[in-house]
Amino acid sequence: MSTSIKKASKNNNRKRFSDDQIKSLETTFETEARPELRLKQHLANKLGLQPRQVAIWFQNKRARSKSKQMEREYSILKSNYDKLALQFEALRKENQTLLIQVQRLRKMADKIDGEQNDNKNHIKLATSENPRFLVDINSHELCIPNDISRKADFLEEEADVLNMVQLAEGSLASPENGCSFDSCTFLDNTSNSPQWWDF
DNA sequence: TTGTGTTTTATTGCCTCC
DNA sequence: GGAGGCAATAAAACACAA
């Protein structure tokens, strides 16, 4: 058989199924996506089609159904991904804000350290010049004012915070090291490093 | 009317199962 | 080895904007 004759025979046979035929096939597909030969033959007789046409219709229908299912699943996955990306971005910004606060606190702490050292120098100077000061120094009332004392307590608490921050700085992906949400952490399933959402 | 994109029907080739 | 399923593809039928 030549190609042209083959094409011609194809052209003559092709015909879209009627609405009723489609409806009946769809109904059957809902309960039985992979019908047995007997059911296909029964449907073919009922609808005036060749059994092969029915078989092919089910095959194509399964393919369409699978494709649509994949589209739905992709849509769900994409939606979840987008939500997570937004959450990540919010957390990243919050982290940056906290790091800036920590830097300010560090500066404050350094300043207070400097003031304390100055005070100690003043005390040394005062005791060497006037022995009467010794009594007052021992009482801690005169030379260490209340606000300085409170600052010392605060410094202990801050040291804990700083330790936590240093840990966080070490473990979190930061913009400086070139790591981004898209390329490094989220999509890298091969690395053994902790996932970003685990922090 | 026509060009173009989408949907539907059909074919082909390969694979798996019995 | 034959039957049936699936993926890839061809080609007809259809929808629709310009």
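Residues numbered from 1 in each chain as written. Chains lettered and ligands numbered in written order. Predicted model: local features only at pLDDT ≥ 70, side-chain atom pairs only at ≥ 80, totals over all residues. Heavy atoms only, no water.

(A) Main features of the overall build of chain A. Helix and strand counts for chain A stand at seven helices and zero strands. Helices and strands appear in chain A in the N-to-C order α-α-α-α-α-α-α. Looking at chain A as a whole, 17% of its 199 residues qualify as buried. Looking at chain A alone, contacts between residues at least 24 apart form 61% of all its contacts between residues at least 6 apart. For chain A, the computed accessible surface area is about 16,300 Å², with 53% contributed by carbon and sulfur atoms. (Helix = DSSP H or I, 4+ residues; strand = E, 2+ residues; numbered from the N terminus. Buried < 20%, exposed > 50% of the residue type's maximum accessible area, 1.4 Å probe, protein only. Contact = heavy atoms within 4.5 Å. Areas by Shrake-Rupley, 256 points an atom, 1.4 Å probe, with all protein chains shown as cover.)

(B) View of the protein's contact with DNA strand B. Close to DNA strand B lie 13 residues, the nearest being Arg-14, Arg-16, Phe-17, Gln-53 and Asn-60. Per the 4 Å cut-off to the protein, sugar and phosphate atoms form 62% of the nearby atoms of DNA strand B. For DNA strand B, a base oxygen lies 2.7 Å from a polar atom in the side chain of Arg-16. Counting only elements with at least two residues in the surface near DNA strand B, the list comes to helix 1 (3-13) and helix 4 (51-129). When residues in the surface near DNA strand B are grouped by element, the largest group, six residues, is from helix 4. When the residues that make up the surface near DNA strand B are grouped by side-chain class, the tally is four nonpolar, two polar and seven charged. (Near = heavy atom within 4 Å. Polar contact = N/O pair within 3.5 Å; in protein donor to acceptor, adjacent residues only side chain to side chain. Nonpolar A, V, L, I, M, F, W, Y, C, P; charged D, E, K, R; others polar.)

(C) Here's a closer look at the pattern of salt bridges. Applying the stated criterion across every chain yields a total of three salt bridges. Across the pair Lys-78 and Asp-82 runs a salt bridge, and its minimum N-O distance is 3.1 Å. Of this pair, Lys-78 and Asp-82 both sit in helix 4, four residues apart, roughly one helical turn. (Salt bridge = Lys/Arg side-chain N within 4 Å of Asp/Glu carboxyl O.)

(D) Spotlight on the confidence of the model for chain A. Per-residue confidence for chain A gives a mean pLDDT of 71, with 54% of residues at or over 70. Low pLDDT (under 50) marks residues 131-152, which in the prediction has 16 contacts with non-local residues, meaning those over four places away or in another chain. Every residue in residues 171-199 scores below 50 in pLDDT, and together they form 28 contacts with partners more than four places removed in sequence or on other chains. (pLDDT = per-residue confidence, 0-100.)

(E) Region of the structure containing the packing of aromatic side chains. Within the structure shown, the criterion is met by three aromatic pairs. Judged by centre distance (6.2 Å) and plane angle (35°), the rings of Phe-29 and Phe-58 are tilted. Placement of the pair is Phe-29 in helix 2 (residues 19-31) and Phe-58 in helix 4, with a sequence separation of 29 residues. Phe-29 gets classed as buried once you look at its relative accessible area, which sits at 13%. Ring centres of Trp-57 and Phe-58 lie 5.2 Å apart, and the angle between their planes is 85°; this geometry places the pair in the edge-to-face category. (Phe/Tyr/Trp six-rings, centres within 6.5 Å; stacked < 30°, edge-to-face > 60°.)

(F) Looking closely at helix 3 (residues 37-47). For helix 3, the complete set of buried residues consists of Leu-43, Ala-44 and Leu-47. An end-on view of helix 3 places all buried positions within 100° of arc, on one side of the element. More than 90 degrees from the buried face of helix 3, the exposed residues found are Arg-38, Asn-45 and Lys-46. Once helix 3 ends, the next one or two residues include Gly-48, with phi positive near 70°. (Arc of directions from axis to C-beta.)

(G) Summary view of the packing of helix 2 against helix 3. It is the contact of helix 2 with helix 3, at a shortest axis distance of 11 Å, that shows an interaxial angle of 160°. Relative to helix 3, helix 2 is oriented roughly antiparallel. The element helix 2 and its partner helix 3 pack so that their crossing is right-handed. Contacts between helix 2 and helix 3 involve Gln-21, Ser-24, Leu-25 and Thr-28 on the former and, on the latter, Leu-39, Leu-43, Lys-46 and Leu-47. (Axes fitted to C-alpha atoms, helices over the stretch in contact; angles between N-to-C directions. Parallel < 35°, antiparallel > 145°, perpendicular 65-115°, else oblique. Left-handed = near helix turned anticlockwise from the far one by under 90°.)

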